[in-house]
Amino acid sequence: MISPEQVQTIIQERLANAEVKVVGDGQHFEAIIVSPDFAGKNKVKQHQMVYGVLQDELASETIHALSLKTFTPEAWQATGQTA
Amino acid sequence: MTPEVKARIESLLQENKIMVFMKGSKLMPQCGFSNNVVQILNTLGVPFETLDILADPEIRQGIKEYSNWPTIPQIYIDGEFVGGSDIAIELYQSGELQQMVEVAMAS
């Protein structure tokens, strides 16, 4: 079983410039990812960027259920949340 | 993905303005994410068609390649890939999904 911290580290290492926060129970994960590289991309493209670095883990179902929330730094600030 | 699978996907998308590839059926979704999408579309009160990918291994693999999207569920409106459960929730909350659906229904 993979921990939320491991998922967080994997995404962080492979997505340069991203701020990542992952919570979960080993089966279901929720990731918040903030990156300037998302600028100018729609949500589908933003999520595809994240899925792209997790291809192996998703294909092998090491990560089965992953819920994504992606933001540019500006969009993240506008939510008023802190990671 | 074989040409046959691609043709099946394309004909499903052509025949159905709102098409959902999901785990389980509308009445009995087999996964919480698929259930989210069904509930949202039910709330919008629009007709939509679903395909249970658990019963169709070819489509299960093919649809992921078709959209370059590794997870299920997947929603298509007017033949365009819209997103999975997370994006559907965001679009629903912002009111955009309602608009997209209305445009599709009017077309």
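Residues numbered from 1 in each chain as written. Chains lettered and ligands numbered in written order. Predicted model: local features only at pLDDT ≥ 70, side-chain atom pairs only at ≥ 80, totals over all residues. Heavy atoms only, no water.

Before going further, it helps to examine the interface of chain B and chain A. Taken together, the contact pairs 14 residues of chain B with 14 residues of chain A. Interface area, chain B with chain A, both sides summed: about 1100 Å², of which 61% is carbon and sulfur. In terms of surface lost to chain A, no three residues of chain B exceed Trp69, Asp86 and Glu90 of chain B, which account for 39% of the buried area on that side. The interface formed by chain B and chain A contains 1 salt bridge. Of the charged contacts, one joins Lys43 of chain A and Glu90 of chain B as a salt bridge, the two residues approaching to 3.4 Å between their closest N and O atoms. Put simply, chain B and chain A have 6 residue pairs in polar contact (both at pLDDT 80 or more) between them. When the residues that make up the side of chain B that touches chain A are grouped by side-chain class, the tally is 6 nonpolar, 4 polar and 4 charged. (Contact = heavy atoms within 4.5 Å. Buried area = accessible area lost by both parts, 1.4 Å probe. Salt bridge = Lys/Arg side-chain N within 4 Å of Asp/Glu carboxyl O. Polar contact = N/O pair within 3.5 Å; in protein donor to acceptor, adjacent residues only side chain to side chain. Nonpolar A, V, L, I, M, F, W, Y, C, P; charged D, E, K, R; others polar.)

Once that is clear, we can look at the sheet that holds strand S1 (residues 19-24) of chain A. Residue and element names in this part refer to chain A. Within the open sheet, the 3 strands sit side by side as S1-S2-S3. Their pairing is mixed. Because the sheet does not close on itself, it has two edges, and the strands there are S1 and strand S3 (65-71). Across the sheet, the axes of successive neighbouring strands diverge by a mean angle of 15°, strand direction being ignored. With 7 bridges connecting them, strand S2 (residues 28-34) and S3 associate as parallel partners. (Pairing = 2+ DSSP bridges. Helix = DSSP H or I, 4+ residues; strand = E, 2+ residues; numbered from the N terminus. Axes fitted to C-alpha atoms, helices over the stretch in contact; angles between N-to-C directions.)

Glancing now at the side chain of Thr50 of chain B. Residues and elements named next belong to chain B. Of note, Thr50 is situated in strand S2 (residues 49-52). With a relative accessible area of 17%, Thr50 lands in the buried category. Dropping the residues within four chain positions of it, Thr50 is found in contact with Met19, Val20, Met22 and Lys26. (Buried < 20%, exposed > 50% of the residue type's maximum accessible area, 1.4 Å probe, protein only.)

Residue and element names in this part refer to chain B. As annotated by UniProt and renumbered to match this structure, "binding site: [2Fe-2S] cluster" (unreviewed entry) occupies Cys31. Mapped onto the fold, Cys31 is located in the loop between strand S1 (18-22) and helix H2 (32-44). A relative accessible area of 16% places Cys31 in the buried class. (UniProt positions renumbered as here; feature names shortened; annotations may be inferred.)

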